[in-house]
Amino acid sequence: MSRALLTLSLASALALATSRGAAQPSIPPAPPAEPPPPAAPPPAPPAEPPPPTAPPPTAPPPTAPPPTAPPPTAPPPTAPPPYQPLYGPAAPPPTAAPAPGPPPALPSVPYARRPVELIPELGLALPHCKSGSDSSDRCEGVRGGVALGFAALWRVSPWFAWGGGLELAGFGYQPPERLGLRETSAGAVSLDLIGRVYFTEEGSLDPYLQLRVGGGALGTSYRDEAGTKYQDTGAGPSVGIGGGLDFFLSHRLKLGPSVDYARIFVDKIRHCAESDCVDVAKDGGGHLDAYFTVLARLTILMGDEL
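What comes next is a walk through the structure. Bear in mind the structure is a predicted one, so any value in this text is a computation, not a measurement.

1. Some points on the overall build of the chain
Move 1: Within the chain, the regular secondary structure consists of one helix and ten strands.
Move 2: Counting helices and strands in the order they occur from the N terminus, the chain gives α-β-β-β-β-β-β-β-β-β-β.
Move 3: Counting the 306 residues in the chain, one finds 27% classified as buried.
Move 4: The long-range fraction of contacts in the chain, counting pairs at least 24 apart against all pairs at least 6 apart in sequence, stands at 70%.
Move 5: With an accessible surface of roughly 21,300 Å², the chain has 69% of that area assigned to carbon and sulfur atoms.

2. A short note on the pattern of salt bridges
Move 1: Evaluation of the coordinates by the stated rule reveals 18 salt bridges.
Move 2: Among the salt bridges present, the one from R155 reaches E117, with a minimum N-O distance of 3.0 Å. Of this pair, R155 sits in strand β2 (residues 142–157) while E117 sits in strand β1 (residues 116–130), and the two are 38 residues apart along the sequence.
Move 3: In this structure, R223 engages E183 in a salt bridge whose closest nitrogen and oxygen atoms are separated by 2.7 Å. Of the two residues, R223 sits in strand β5 (residues 205–223) while E183 sits in strand β4 (residues 182–198), which places them 40 residues apart along the sequence.
Move 4: In this structure, a network of salt bridges that share partners links the residues R113, E117, R155, R196, D206, D246 and K254.

3. Description of the state of the cysteines
Move 1: Scanning the entire structure with this criterion turns up two disulfides.
Move 2: Across the disulfide from C129 sits C139; the S-S distance is 1.6 Å. With the S-S dihedral at roughly 50°, the linkage between C129 and C139 falls on the right-handed side. Taken together, the residues C129 in strand β1 and C139 in the loop between β1 and β2 connect sequence positions ten residues apart.
Move 3: With relative accessibility at 1%, the residue C139 sits in the buried group.
Move 4: With a sulfur-sulfur separation of 2.0 Å, C272 is cross-linked through a disulfide to C277. With the S-S bond torsion at 110°, the cross-link from C272 to C277 turns out right-handed.

4. Quick notes on unusual backbone geometry
Move 1: In this model, E183 sits at a positive phi of 45°, which is unusual for a non-glycine residue.
Move 2: The phi dihedral of E274 is positive, around 60°, even though this residue is not glycine.
Move 3: In this structure, E274 sits in the loop between β8 (269–273) and β9 (276–280).
Move 4: Judged by relative accessible area, E274 falls into the exposed class, the value being 52%.

5. What about the packing of aromatic side chains?
Move 1: Under the criterion given, the structure shown has five aromatic pairs.
Move 2: Aromatic side chains Y111 and F248 sit 5.3 Å apart centroid to centroid with 40° between the ring planes, which places their arrangement in the tilted category. Of this pair, Y111 sits in the loop between α1 (2–23) and β1 while F248 is found in strand β6 (residues 229–248), placing the two residues 137 residues apart along the sequence.
Move 3: Overall, the relative accessible area of 29% leaves Y111 in the partly exposed class.
Move 4: Relative accessible area serves as the criterion here: at 9%, F248 is assigned to the buried category.
Move 5: Ring geometry for Y222 versus Y230: centroids 5.7 Å apart, planes at 20°, classification stacked. The pair Y222 / Y230 is uniform in exposure class, with both members buried.
Move 6: If you follow R155 out to its NZ or CZ, it ends over the ring of Y198, 3.4 Å from the centre.

6. Concerning the pairing of β6
Move 1: Across 19 bridges, β5 lies against β6 in antiparallel orientation. Bridge pairing in β6 links Q210 to G242.
Move 2: Where β5 folds back on β6, the antiparallel hairpin that results is connected by five residues, among which G227 adopts a positive phi of roughly 90°.
Move 3: Bridge count for β6 against β8 is five bridges, and the pairing is antiparallel. Bridge assignment links G234 to a residue of β8, and that residue is I269.
Move 4: As paired strands, β6 and strand β7 (residues 253–264) are joined by nine bridges and run antiparallel to one another. Across the sheet, G240 pairs through a bridge with A262, a residue of β7.
Move 5: Linkage of β6 to β7, two consecutive antiparallel strands, is achieved through a turn of four residues.

Conventions and cut-offs
Residues numbered from 1 in each chain as written. Predicted model: local features only at pLDDT ≥ 70, side-chain atom pairs only at ≥ 80, totals over all residues. Heavy atoms only, no water. Helix = DSSP H or I, 4+ residues; strand = E, 2+ residues; numbered from the N terminus. Buried < 20%, exposed > 50% of the residue type's maximum accessible area, 1.4 Å probe, protein only. Contact = heavy atoms within 4.5 Å. Areas by Shrake-Rupley, 256 points an atom, 1.4 Å probe, with all protein chains shown as cover. Salt bridge = Lys/Arg side-chain N within 4 Å of Asp/Glu carboxyl O. Disulfide = S-S within 2.5 Å. Phe/Tyr/Trp six-rings, centres within 6.5 Å; stacked < 30°, edge-to-face > 60°. Lys NZ or Arg CZ within 6 Å of the ring centre and 35° of its normal. Pairing = 2+ DSSP bridges.

By themselves, these observations are geometric and do not establish any function.
Structure representation (structure tokens):
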């Protein structure tokens, strides 16, 4: 019964609504509202630069395949040697000589010879008086004295030297009393070229022979009973020969004895009375023509070793 009442009430409500709708005019529906304009999008942040990209890897060049080793070949047959040893086994093959090294340094030669020799000398001189056809009054009574000199030599090799020298000699003069002479003196001088030959190139002994060629003079001087001074001088070319033996005192000094003979070829005699001079024959009253010397020579060595 209740279900019938509910159905009746729904039907009456529907009929009432239908009748109202028919009686009222229809109202058009309101237009739909415009949507609000869209909001502006926020500014975009600045774009970051893209990170650098590595270049694409290049492909390695193609490699050639490894060469194939040739197939091993048999060694060539060895030829027989051109000869066979007569006795015993064959000699081993020669080995290569070692490379030459630097030459060894030459040791310093003790008492080496040097190119320059300066030679002062001092010793005894013994004159020779050549007798004249009439007498020997010009040189009778001349005796030994003192000799001194100096020489300079250039030793071009250990075996030979040449140079020049000056030699002075003063003799004693005691004429016979019968001549009545006083204030007497005698002497000689020579200036020569010298050539010298040596016999050793090393060691502490240095023997030699030498030849002198040049010019010289010998003479006497005296006063007679009246006090007049006279001079008799003979001059001419000279030749001397001698030798000696030097001992090394150090690397730069030598000392040794020597013996020399000097001959002066006198052509004429110059006879002077005070300042008046005349030439006289050499054979009338004799004259000095040569002298021996026994000397001690000190040699000073200079320069590099020969």
